[in-house]
Amino acid sequence: MRFYKYLLTFAAAVVLFTGCGKKTDPVVLTEAVPAPGENLRIFNNDQGVVIRNADKRFAVKVQRAVFDPECGCLSDYADITEIPPSTAFVDDNVTADVRYVYSITALHPVYNNRSQPVKKAVIYAHPVKITDVQVKELAGDRYAFILKADRPYERFEVFIDGGLELRTSRENFEINMDGKENRTVTLYPFDRYGNAGEEKIVRLAARQAVPRAPFGFRSVYGNGTLTLSWDEPEGAWLYNVYMLKDGVYSFITKVDVPFFMYSVGQNTTDCVRFAVSSATDGNESERTEYEACW
């Protein structure tokens, strides 16, 4: 009898502790599914309406309704596809200038429940393409753009460093690149329905700093030759030499040393006015003027 009494006591203790474990560690029966958000993108391409599900966990179910402008109403929603995670689907059963409304819900991979639907309206049209880009460099790290599109457009949007820089309906415009870390300009054309067309990326060359002008001018005359010399600005290795003639500076020569020798010859005057600039990587500094006499 004593043995059975101990056995019953042990069994009761096991049941008690097991019950406590169940109360403190409940089994999850379901999980809420968030509605498709930033991981869902819908846009047009030449084949149809693209629905991209960038979520790495949830598939999405897609239904579609068609807007009838005569009655101002939608058709019933019809199932068209389920898109797995990290996958895109192209709805090619579309007609230009027709409005479609997509109802999209995320599906749980285990519990078979779903999110609230997200509805997106799209008017299908072939995307506008930028066919030509002309860029002209202006002073002060500014650039003039001229764009051409393959079909009527509503506006262009210009992005630099990931941010919207400009929204314009004009084909020609200017942008300021001063202080921009990234020299890449991304252009998007938009059609009259507000659909973004194909992106166009323009990579601008790194702007070379304008060199400092020469300084510290001096001149020496001897044996009919006037030697003009100057101090070299850091980074400069070429110099343009100009001389004043009839009130206008005319280009004489380009030198790769910080001096220039001028033969006085039959010059009856005793002074000549020069201007010298530094030249590096296609950029020219301001001119420094200097009057040399003998």
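Residues numbered from 1 in each chain as written. Predicted model: local features only at pLDDT ≥ 70, side-chain atom pairs only at ≥ 80, totals over all residues. Heavy atoms only, no water.

A. The overall build of the protein chain, seen in detail. Along the backbone of the protein chain there are one helix and 23 strands. Counting all 294 residues of the protein chain, 33% fall into the buried class. Considering only residue pairs separated by 6 or more positions, the protein chain has 56% of its internal contacts joining residues 24 or more positions apart. Roughly 18,500 Å² of accessible area belongs to the protein chain as shown, and the carbon and sulfur atoms make up 51% of that amount. (Helix = DSSP H or I, 4+ residues; strand = E, 2+ residues; numbered from the N terminus. Buried < 20%, exposed > 50% of the residue type's maximum accessible area, 1.4 Å probe, protein only. Contact = heavy atoms within 4.5 Å. Areas by Shrake-Rupley, 256 points an atom, 1.4 Å probe, with all protein chains shown as cover.)

B. Representation of the pattern of salt bridges within the structure. Counting across every chain of the model gives 15 salt bridges. Between Arg273 and Glu289 there is a salt bridge; the shortest N-O distance is 3.4 Å. Taken as a pair, Arg273 in strand E21 (residues 271-280) and Glu289 in strand E23 (residues 288-293) lie far apart in primary sequence, 16 residues in all. According to the relative accessible area criterion, Arg273 is partly exposed, its value standing at 31%. In this structure, a network of salt bridges that share partners links the residues Glu154, Arg155, Glu157 and Arg167. (Salt bridge = Lys/Arg side-chain N within 4 Å of Asp/Glu carboxyl O.)

C. Region of interest: the state of the cysteines. Inspection of the entire model under this criterion finds two disulfides. In this model, Cys71 is linked to Cys73 through a disulfide, with the two sulfur atoms separated by 1.9 Å. The S-S bond linking Cys71 to Cys73 shows a torsion near -75 degrees; that makes this disulfide left-handed. In this structure Cys71 comes out as partly exposed when scored by relative accessible area, which is 43%. (Disulfide = S-S within 2.5 Å.)

D. The sheet that holds strand E6 (residues 87-91), seen in detail. Reading across the sheet, the three strands line up as E1-E2-E6 and stay open at both edges, with antiparallel pairing between neighbours. Each edge of the sheet is formed by a strand with only one pairing partner; in this case those strands are strand E1 (40-44) and E6. Across the sheet, the mean angle from the axis of one strand to that of its neighbour is 15 degrees, orientation sign disregarded. In this structure, strand E2 (residues 49-53) lies alongside E6, joined through five bridges in antiparallel fashion. Each bridged residue has a counterpart across the sheet, and for Asn53 the counterpart in E6 is Thr87. (Pairing = 2+ DSSP bridges. Axes fitted to C-alpha atoms, helices over the stretch in contact; angles between N-to-C directions.)

E. Expanded view of the pairing of strand E19 (residues 248-255). In terms of strand pairing, strand E18 (residues 238-245) meets E19 through seven bridges, oriented antiparallel. Each residue of the ladder has a partner; that of Leu244, found in E19, is Tyr249. Taken together, E18 and the strand that follows it, E19, pair antiparallel across an intervening segment of two residues, in which Asp246 is found at a positive phi of about 55 degrees.

F. Inspection of the packing of aromatic side chains at higher detail. For the coordinates displayed, the defined rule picks out nine aromatic pairs. Considering the side-chain rings of Phe145 and Phe173, the 5.6 Å spacing of their centres and the 5 degrees angle between planes classify their relative orientation as stacked. Pair noted here: Phe145 is in strand E10 (residues 142-149) and Phe173 is in strand E13 (residues 172-176), with a separation of 28 residues, a long-range link. Of the two residues examined, Phe145 and Phe173, each falls in the buried class. Seen from their ring centres, Phe260 and Phe274 are 6.0 Å apart, and the 70 degrees between their planes marks the pair as edge-to-face. Pair noted here: Phe260 is in strand E20 (residues 259-263) and Phe274 is in strand E21, with a separation of 14 residues, a long-range link. Each member of the pair, Phe260 as well as Phe274, is classed as buried. (Phe/Tyr/Trp six-rings, centres within 6.5 Å; stacked < 30°, edge-to-face > 60°.)

G. Just a nonpolar patch on the surface, in detail. Taken together, the side chains of Val257, Phe259 and Met261 present a nonpolar region at the surface, about 260 Å² in accessible area. Within the element layout of this structure, Met261 appears in strand E20. Judged by its relative accessible area of 52%, Met261 is exposed. (Patch = residues over 30% accessible without salt bridge, like charges linked within 9 Å, V, L, I, M, F, W, Y side chains within 5 Å.)

H. Main features of the sheet that holds strand E16 (residues 215-222). Ordered in space as E16-E17-E20, the three strands form an open sheet in which the pairing is antiparallel. Either end of the sheet is taken by a strand with one partner, and the two such strands are E16 and E20. Direction aside, the axes of adjacent strands within the sheet are offset by 15 degrees on average. Looking at chain direction, strand E17 (residues 225-231) and E20 are connected through five bridges and run antiparallel. Looking at E20, one finds that Thr225 is bridged to Ser263.

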